[in-house]
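Reading the structure
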Amino acid sequence: MNNGVARTALVSDLFAGDGPYQAVADDFVVQRCSFCTGIVDSDVRFNEQGYLCTPCLSLEVTV
């Protein structure tokens, strides 16, 4: 797991199978937004809330 202060998830953390990232890894594999569950394009961001499309990221939602 990342032990720094960054609020991001590394892809290696997603697939390690430990920590709170299993749902985010599933979203990454099927290419869907963690919040709206819509299909995403190439402009997606990982953050502490999940794997988010641009509109959901701009909402600063809590998943």
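**Some words on the overall build of the chain**
A count of helical and extended segments in the chain gives 3 helices and 2 strands. Taken from N to C terminus, the helices and strands of the chain fall in the order α-α-β-β-α. Long-range contacts, defined as pairs at least 24 residues apart, comprise 17% of the intrachain contacts of the chain with a sequence gap of at least 6. Within the structure as shown, the chain displays about 4200 Å² of accessible surface, and the carbon and sulfur contribution to it stands at 56%.

**Section: the pattern of salt bridges**
Enumeration over the complete set of coordinates arrives at 2 salt bridges. The residue R32 makes a salt bridge to D27 at a minimum N-O spacing of 2.5 Å. A salt bridge links D43 to R45; the shortest N-O distance between them is 2.9 Å. Judged by its relative accessible area of 33%, D43 is partly exposed.

**Some words on the environment of D41**
Mapped onto the elements of the fold, D41 is located in the loop between helix 2 (22–30) and strand 1 (44–47). A sequence separation of 13 residues divides D41 from T54, and the C-alpha atoms of the two residues are 9.3 Å apart. A distance of 2.9 Å separates the side chain of D41 from the backbone nitrogen of D43, its partner in a polar contact.

**Quick look at unusual backbone geometry**
For Q31, which is not glycine, the phi torsion reads 55° and is therefore positive. With respect to the helices and strands, the residue Q31 is situated in the loop between helix 2 and strand 1. One non-glycine residue with positive phi stands out, namely T37, at about 60°. Its location among the elements puts T37 in the loop between helix 2 and strand 1.

**A short note on the confidence of the model for the chain**
On average, the chain scores 77 in pLDDT, and the residues at 70 or more come to 68%. For the chain, the element scoring lowest by mean pLDDT is helix 1 (residues 11–16), at 71; strand 2 (residues 50–53) scores highest, at 88.

What counts, and where the lines are drawn
- Residues numbered from 1 in each chain as written.
- Predicted model: local features only at pLDDT ≥ 70, side-chain atom pairs only at ≥ 80, totals over all residues.
- Heavy atoms only, no water.
- Helix = DSSP H or I, 4+ residues; strand = E, 2+ residues; numbered from the N terminus.
- Contact = heavy atoms within 4.5 Å.
- Areas by Shrake-Rupley, 256 points an atom, 1.4 Å probe, with all protein chains shown as cover.
- Salt bridge = Lys/Arg side-chain N within 4 Å of Asp/Glu carboxyl O.
- Buried < 20%, exposed > 50% of the residue type's maximum accessible area, 1.4 Å probe, protein only.
- Polar contact = N/O pair within 3.5 Å; in protein donor to acceptor, adjacent residues only side chain to side chain.
- pLDDT = per-residue confidence, 0-100.

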